[in-house]
Amino acid sequence: MTKKAFAPRQLIGENTPTLWMAPLLAVVTLFYLYPAFEVLRFSITDASLQQPNYEYTLNTFKNVLGDPVLYKVLRITAIFVAASVVLQLVLGLLIAVAVNRARRRRLPGMVFMRSIILSAWVMPGVVIGIVWAIILNEASYGLANLVLAPVGLDGMAWLSDPNLALVSITIANVWRGTAFSMILQYAGLQSIPDELYDAAEVDGASTLQSFWYITIPQLRPILMINIILITISTLNTFDMILPLTGGGPGQATEVLALHTYNVIFREYSLAGGAVLAVIMLLISLALTIAYRRLLRSEGAV
Amino acid sequence: MKSRKVRGRIGDLLTYLVFAVALVFFGGPLLWVLSLSIRTQQEVYITSLRLIPETPTLENYVEVLTTAQFSVFLINSLKLSVAGSIGALVVAAPAAYAFSRLDFRGNSALLIGVLALQMISPLVVIIPLYRYFARLNLLDSHLSTSMVYIAILVPLATWMLKGFFDGIPPALDEAAMVDGCTRFGAFRRVVLPLILPGLTSVFVLTAILAWGEFIVPYILLSKPSLLPISIGILNFQGNYAQTSTQVVAAGGVLAMLPAIATFVILQRFIVRALTSGAIKG
């Protein structure tokens with residue numbers, strides 16, 4: 001690639017990116033850069049949704065960071081994210097291995113299987129919350145309680161016990177997200193050459209050994225990418241939580257995104273919400289940097 | 001050491017065991033909601049696992065579509081999804097073409113920048129936009145809402161389309177340009193028709209994502225006649241959940257059906273687009 005000398009004509013020719021990129025840059029400026037700048041600006045004010053006037057101050061930052069509720073919210077968010085990542089990774093891998101095996105041995109039922117799991121993923125988040133609110137209905141006719149009654153676990157307070165409610169939103173989130181994790185890992189499995197497994201078998205390796213010494217190391221980059229993508233989508237989730245628990249009981253399932261929403265639209269504190277949005281931005285930034293490093297080390301970008 | 005054949009059989013058995021468990025966990029809730037949606041009020045309270053009710057009824061669907069305005073919500077969702085996805089394609093296609101074909105300083109840095117946008121929660125951008133739109137009198141408008149939809153879908157569309165452009169040899173555009181086409185002409189007449197399957201995949205995937213979009217319409221729209229299904233059903237659940245689970249279930253089925261049906265019919269396109277977007281970029 002040869003760098004050309006600067007010349008105004010070349011800025012708008014059709015072999016330069018300017019015109020091609022113009023619509024994208026306009027959208028990015030109006031709907032990302034400007035709002036990001038505004039969020040930063042509001043975070044150092046005392047702006048409220050109810051009053052048009054505000055002053056610049058660092059007190060909002062101090063108040064939000066000094067509020068014990070924030071740490072409770074962060075702890076709940078961390079548990080929600082960590083449990084979702086682990087479960088989606090493990091379940092996604094398990095199903096991907098099964099689907100991949102079914103493909104190689106031409107067992108029937110693979111596409112049907114994949115369709116069912118992906119159906120959960122394409123559903124609107126709100127509807128997922130509603131479906132699980134119905135399943136986890138605490139009355140004896142709720143599906144979860146009906147199924148668990150024979151094992152003596154009837155009448156569980158799925159949504160009104162603080163700890164169980166956190167378990168419930170995690171289950172619903174895993175139900176939603178496992179499909180995506182499965183698809184990524186299935187693609188990864190398909191790219192592992194069959195010869196590796198054949199060679200291992202000739203050497204007398206057991207199925208478990210070839211899983212541990214071939215599959216896992218070969219999948220490592222995809223597993224890492226997956227961890228980041230699951231973390232981001234879980235962090236940004238709150239549509240599913242609203243119909244399921246509404247963040248309750250109390251604030252037992254109020255994750256960071258929902259908390260940010262509540263601060264702005266229930267407490268009308270635009271500045272407080274902006275501070276929380278800055279925290280969310282910083283987390284996404286850190287995750288993006290990690291993602292970029294991974295893609296780079298794979299030579300993809 | 002076990003023979004190869006026996007090992008294969010045991011493996012098959014385990015494979016189907018995983019399938020069976022996954023099927024119950026992922027399919028079970030869907031079947032249950034479907035079953036509830038065709039029950040009468042009395043049969044909701046039956047404490048048995050029977051899926052097909054004694055007196056199946058479509059009453060719940062009729063109620064949801066007529067009295068609860070679900071048909072309006074569904075049409076609104078369709079409008080917003082289609083507008084958002086088409087808009088995203090129009091904005092993303094030329095940019096993705098430039099990312100794929102043009103050598104310019106900062107190409108890969110910009111591309112990573114676009115990826116970073118995808119990581120940002122729509123909640124973050126919608127906070128200042130709410131205030132901004134309120135001042136411009138643009139709240140409660142499908143026009144401004146679909147603009148934000150476009151903005152949210154554009155990063156994914158750009159990344160995926162770049163992957164599809166990369167799959168077309170640049171020699172084709174060059175040949176067209178030798179034959180007297182401008183680069184834009186080559187893009188429009190030669191390359192775009194070739195990636196039609198790619199455009200379709202991206203359109204379908206973004207439309208499905210837009211169908212489920214929640215935060216943006218939740219904050220920007222409040223008039224009931226403008227709400228998409230994702231918001232409509234939430235308000236509806238708030239009013240009905242206590243008294244009539246079966247009606248909420250019917251609403252849920254109607255809200256999920258378009259996305260699931262589109263997906264199942266077109267899944268071959270989508271699954272491929274999905275993996276190439278996330279892994280190869």
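Conventions and cut-offs
- Residue positions are given per chain, counting from 1 as you read along its sequence in written order.
- By the order in which they are written, chains take letters starting at A while ligands take numbers starting at 1.
- Totals for whole chains, interfaces and linings use every residue, but because this is a predicted model, local features are given only for residues with pLDDT of at least 70 and side-chain atom pairs only at 80 or more, for both listing and counting.
- pLDDT gives the predictor's per-residue confidence on a scale running from 0 to 100.
- Going along the chain from the N terminus, every DSSP run of H or I of four or more residues is numbered as a helix, and every run of E of two or more is numbered as a strand.
- Contact criterion: two residues are in contact if their C-beta atoms, reconstructed from the backbone, are within 7 Å.
- Three residue categories are used. Nonpolar comprises Ala, Val, Leu, Ile, Met, Phe, Trp, Tyr, Cys and Pro, charged comprises Asp, Glu, Lys and Arg, and polar comprises the others, including Gly.
- A set of buried Ala, Val, Leu, Ile, Met, Phe, Trp, Tyr and Cys residues, joined to one another through C-beta atoms within 7 Å, is what we call a nonpolar core.
- Buried means a residue has 20 or more other C-beta atoms within 10 Å of its own C-beta, exposed means 12 or fewer, and partly exposed covers the counts in between; C-beta atoms are placed from the backbone.
- Note on geometry: axes are C-alpha line fits, over the in-contact stretch for helices, and angles between N-to-C directions span 0 to 180 degrees.
- For classification purposes, angles smaller than 35 degrees are called roughly parallel, those larger than 145 roughly antiparallel, those between 65 and 115 roughly perpendicular, and all remaining angles oblique.
- Note on convention: the crossing is left-handed when the near helix lies turned anticlockwise from the far helix by less than a right angle, right-handed when the turn is clockwise.

(A) Here's a closer look at the confidence of the model for chain B. Residue and element names in this part refer to chain B. Chain-level pLDDT for chain B is 85 on average; 94% of the residues reach the 70-or-more range. At the level of individual helices and strands, chain B shows its lowest average pLDDT in helix α2 (residues 41-44), which scores 76, and its highest in helix α4 (residues 70-101), which scores 93. Across the assembled chains, the prediction reports ipTM 0.86 with pTM 0.87.

(B) Quick look at the interface of chain B and chain A. Listed per partner, the contact involves 80 residues of chain B and 77 residues of chain A. Of all the elements, helix α13 (residues 245-280) of chain B adds the most residues to the side of chain B that touches chain A, at 17 residues. Tallied by class, the residues present in the side of chain B that touches chain A amount to 58 nonpolar, 16 polar and six charged.

(C) A look at the confidence of the model for chain A. Looking at chain A as a whole, its pLDDT mean stands at 85, while 95% of the residues score no less than 70. Note on residues 1-5 of chain A: pLDDT under 50 across the span, and three contacts to partners over four residues away in sequence or across chains.

(D) Structural view of the nonpolar core. Formed by 173 residues in total, the largest nonpolar core has its most connected members in A:I117, B:A92, B:L153, B:V154 and B:A157. The element that contributes the greatest number of residues to this core is helix α7 (residues 142-166) of chain B, accounting for 15 residues. Sequence-distant contacts of B:V154, that is, excluding residues within four places in its chain, are made with A:L24, A:V27, B:A88, B:V91 and B:A92.

(E) A look at the packing of helix α4 (residues 68-104) of chain A against helix α10 (residues 207-235) of chain A. Residues and elements named next belong to chain A. Relative orientation of the contacting elements α4 and α10 amounts to 135°, with a least axis distance of 9 Å. Judged on the interaxial angle alone, α10 and α4 are oblique. Once α4 is placed against α10, the crossing between them reads as right-handed. Across from F80, V81, S84, V85, Q88 and L89 in α4, the residues of α10 making contact are L223, N226, I227, I230, T231, T234 and L235. Its residues assigned to classes, the contact of α4 with α10 comprises eight nonpolar, five polar and no charged.

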